[in-house]
Amino acid sequence: MPDKEGNDAEASQDTRKRRRTTRGSQTDDETSRSEESNPPNNMAATLAEINSKLDLALAGIKEIEELKEKQRLMEKENSDLRKSLDFAYKSIASLTERADTQQETLSKLTEDVNKLTQVANAEKERAIKLESHSRRNNLIFYNIPEVRKESSATTETLLYTFLEQNLDMAEEETNEIPFERVHRLGKIREDNKPRPIIAKFSFHKDKERILSSARTLAGTNYGISQDFPREIVELRKGLVKVMKEAKKNGQDTKLVYDKLYINGTRYRPSI
């Protein structure tokens, strides 16, 4: 009995194994047949997906390359800009140095010009003083009648006559006044008005004597003035205006050469 039961059990196990094997073989066959029925669709989908990923990858690579190119250009521009800035800084430094040098040169030239100006002004003043000194014995006489084709000798005779007739000097007095030179000033006028006479006295005391008598000509057409350089004449014109105003105000005035004194104090124009 036991042997029979054992044989039956082994037979039952073999039967089950064959069934499983049969079912497994059937399942594999079904899968194989299913894959064989839809192989192109699966392949296309896979390729499409791969292509899509490749496109995305290529697009990303292109964008990266473009960014790299932009970065390269920006680095080049930055490099060029740095070079330009360096050049600009060097140029500015060079210009600044040149400007400083030129400023020093200009300052020195200005200093030299100021010194030369001072020297020139001093020389001018010296020349004016020398000229004034050379004219210190001169007097100018105005409105003494002039004759046709008047010679220097005739002019001197007319001047002596003027001194005798208008300054109440005797002939003996005028004969004692020698002149170094007497002549008319300027060209003959078309309106026939007499030209001034300039006379250089041999002695300064004679010139001062005639000048002190000039006040007796007040109210007449005649006049006597000292002979000053042009610069002093212009300066005295301004001082005379101030002097007249001071006299109107009752102040005591005195004009000596190029200096005006008001109430004993030298007048200095405000600058």
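Counting starts from 1 at the beginning of each chain's written sequence and moves along it residue by residue. Two thresholds apply to this predicted model, a pLDDT of at least 70 for residue-level local features and 80 or more for giving and counting side-chain atom pairs, whereas whole-chain, interface and lining totals are computed over all residues. Just so you know, side-chain values use all the structure's heavy atoms and leave hydrogens and water out.

1. Let's talk about the overall build of the protein
What counts, and what does not: What counts as a helix is a DSSP run of H or I of at least four residues, what counts as a strand is a run of E of at least two, and both are numbered from the N terminus. Under the scheme applied here, a residue whose accessible area is under 20% of the maximum for its type counts as buried, over 50% as exposed, and between as partly exposed, the area being computed with a 1.4 Å probe on protein chains only. In what follows, residue pairs with any heavy atoms lying within 4.5 Å of each other are defined as contacts. The method behind every accessible area is Shrake-Rupley, applied with a 1.4 Å probe, and residues are considered shielded solely by the protein chains displayed.
Summing up its helical and strand segments, the protein has six helices and seven strands in all. Mapped from its N terminus to its C terminus, the protein presents α and β elements in the order α-α-β-α-α-β-β-α-β-α-β-β-β. For the protein, the proportion of its 271 residues judged to be buried stands at 17%. Nonlocal contacts in the protein, meaning residues at least 24 apart in sequence, comprise 55% of its contacts between residues at least 6 apart. Accessible area for the protein stands at about 21,300 Å²; split by element, carbon and sulfur atoms hold 52% of it.

2. Focus on the pattern of salt bridges
What counts, and what does not: For this document, the term salt bridge refers to a Lys or Arg side-chain nitrogen within 4 Å of an Asp or Glu carboxyl oxygen.
For the structure shown, the criterion picks out 18 salt bridges. Linking Arg-184 and Glu-150 is a salt bridge whose minimum nitrogen-to-oxygen distance equals 2.7 Å. With Arg-184 in strand β2 (residues 179-184) and Glu-150 in the loop between β1 (138-142) and α3 (152-166), this pair connects stretches of sequence that are 34 residues apart. Like Glu-150, Arg-184 is buried. Glu-245 is the salt-bridge partner of Lys-248, the closest N and O atoms lying 3.9 Å from each other. Of the two residues, Lys-248 and Glu-245 both sit in helix α6 (residues 230-248), three residues apart, roughly one turn of that helix. In this structure, a network of salt bridges that share partners links the residues Glu-131, Arg-135 and Asp-227.

3. Quick look at the sheet that holds strand β3 (residues 197-201)
Put simply, the test is: When DSSP finds at least two bridges between two strands, those strands are taken to pair. Only C-alpha atoms enter the line fits that serve as axes; for helices the fit covers just the stretch in contact. Angles between N-to-C directions range over 0 to 180 degrees.
The strand order across the open sheet built from four strands is β2-β3-β1-β4, with neighbouring strands paired in antiparallel fashion. Of all strands in the sheet, those bounded by a partner on one side alone are β2 and β4 (223-226). Taking each pair of neighbouring strands and ignoring which way they run, the sheet shows an average axis angle of 20 degrees. In the sheet, β2 pairs with β3 via five bridges, with the strands oriented antiparallel. Considered in β3, the bridge of His-183 is made with Ile-198. The strands touched by α3 are β1, β2, β3 and β4; relative to β2, the strand with the most contacts, the crossing angle is about 100 degrees.

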